[in-house]
Amino acid sequence: MPNIFIIDDSISVRKALEITLRNHSISSASAVGGEQALEMLRENPSAYDLLMVDVIMPGLTGLELCERIKADPRYAALPVILLSGNVDEH
């Protein structure tokens, strides 16, 4: 079964994604920010099949997290989906 790692500072987004994934028989784990995500990746580098990362988070942003992950050979091939709840009407 795939294991998706959700990194988002919004609890409602994390919970909605977790429920949606569970309804499709996909397991998930989550972190509230980039720093916590890096800690969890270091603890178990091969635990996740895909990362879903919020772009705008306090502290380490999603883009900065992605840069760090891709610079590390242990995670360089790990797929990342960047998410954003911001909508620009212009």
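Up top is the structure these notes are about.
From a predicted model like this one, the values you see are computed outputs, not experimental measurements.

> Help me out: how do you make sense of unusual backbone geometry in this one?
Positioned with a positive phi, serine 25 is a non-glycine residue whose angle comes to about 60°. The topology assignment puts serine 25 in the loop between α1 (11-23) and β2 (27-31).

> Which parts of the structure should I look at to understand a negative patch on the surface?
Negative charge collects at one region of the surface, where Glu35, Glu39, Glu43, Glu64 and Glu67 lie side by side. For the negative patch, the secondary structure elements donating two or more residues are α2 (34-43) and α3 (62-71). Looking at the element boundaries, glutamate 67 is found in helix α3.

> Explanation requested: α1 in the structure shown.
A turn of α-helix holds 3.6 residues, and therefore any two residues three or four places apart point the same way. Compared with the 18 Å implied by 1.5 Å per residue over 13 residues, the 18 Å span of α1 between its first and last C-alpha is a close match. Among the residues of α1, those classed as buried are Arg14, Glu18 and Leu21. Projected onto a plane normal to the axis of α1, the buried residues spread over an arc of 70° and lie on a single side. With respect to the buried face of α1, the exposed residues turned more than 90 degrees away are Ser12 and Asn23. Taken together, the buried residues of α1 touch β1 (3-7) and β2. Within two residues after α1, serine 25 carries a phi angle of roughly 60°, on the positive side.

> Which parts of the structure should I look at to understand the nonpolar core?
Where a protein is soluble and globular, its nonpolar side chains tend to be buried together. Core analysis: the largest hydrophobic core is formed by 17 residues, its most contacted members being Phe5, Ile7, Leu41, Tyr48, Leu51, Leu65 and Ile69. For this core, the secondary structure elements donating two or more residues are β1, β2, α2, β3 (50-54) and α3. In terms of residue count, α2 provides more of this core than any other element does, 4 residues in total. Apart from the residues within four sequence positions on either side, leucine 41 is in contact with Phe5, Tyr48, Leu51, Ile69, Tyr75 and Leu78.

> Would you mind going over the sheet that holds β3 with me for this structure?
What holds strands together in a sheet is hydrogen bonding between their backbones, with the strands either parallel or antiparallel. Here 4 strands make up an open sheet; going across it, the order is β2-β1-β3-β4 and the pairing parallel. Two strands lie at the open edges of the sheet, namely β2 and β4 (80-83), each paired on one side alone. Strand-to-strand twist across the sheet, computed as the mean angle between neighbouring axes with direction ignored, equals 20°. Pairing analysis gives 4 bridges linking β1 to β3, with the strands arranged parallel.

What counts as what
Residues numbered from 1 in each chain as written. Predicted model: local features only at pLDDT ≥ 70, side-chain atom pairs only at ≥ 80, totals over all residues. Heavy atoms only, no water. Helix = DSSP H or I, 4+ residues; strand = E, 2+ residues; numbered from the N terminus. Patch = residues over 30% accessible without salt bridge, like charges linked within 9 Å, V, L, I, M, F, W, Y side chains within 5 Å. Areas by Shrake-Rupley, 256 points an atom, 1.4 Å probe, with all protein chains shown as cover. Salt bridge = Lys/Arg side-chain N within 4 Å of Asp/Glu carboxyl O. Lys, Arg positive; Asp, Glu negative; His and termini not counted. Charge placed at Lys NZ, Arg CZ, Asp CG, Glu CD. Expected span 1.5 Å × (residues − 1). Buried < 20%, exposed > 50% of the residue type's maximum accessible area, 1.4 Å probe, protein only. Arc of directions from axis to C-beta. Contact = heavy atoms within 4.5 Å. Core = buried A, V, L, I, M, F, W, Y, C linked by side-chain atoms within 4.5 Å. Pairing = 2+ DSSP bridges. Axes fitted to C-alpha atoms, helices over the stretch in contact; angles between N-to-C directions.

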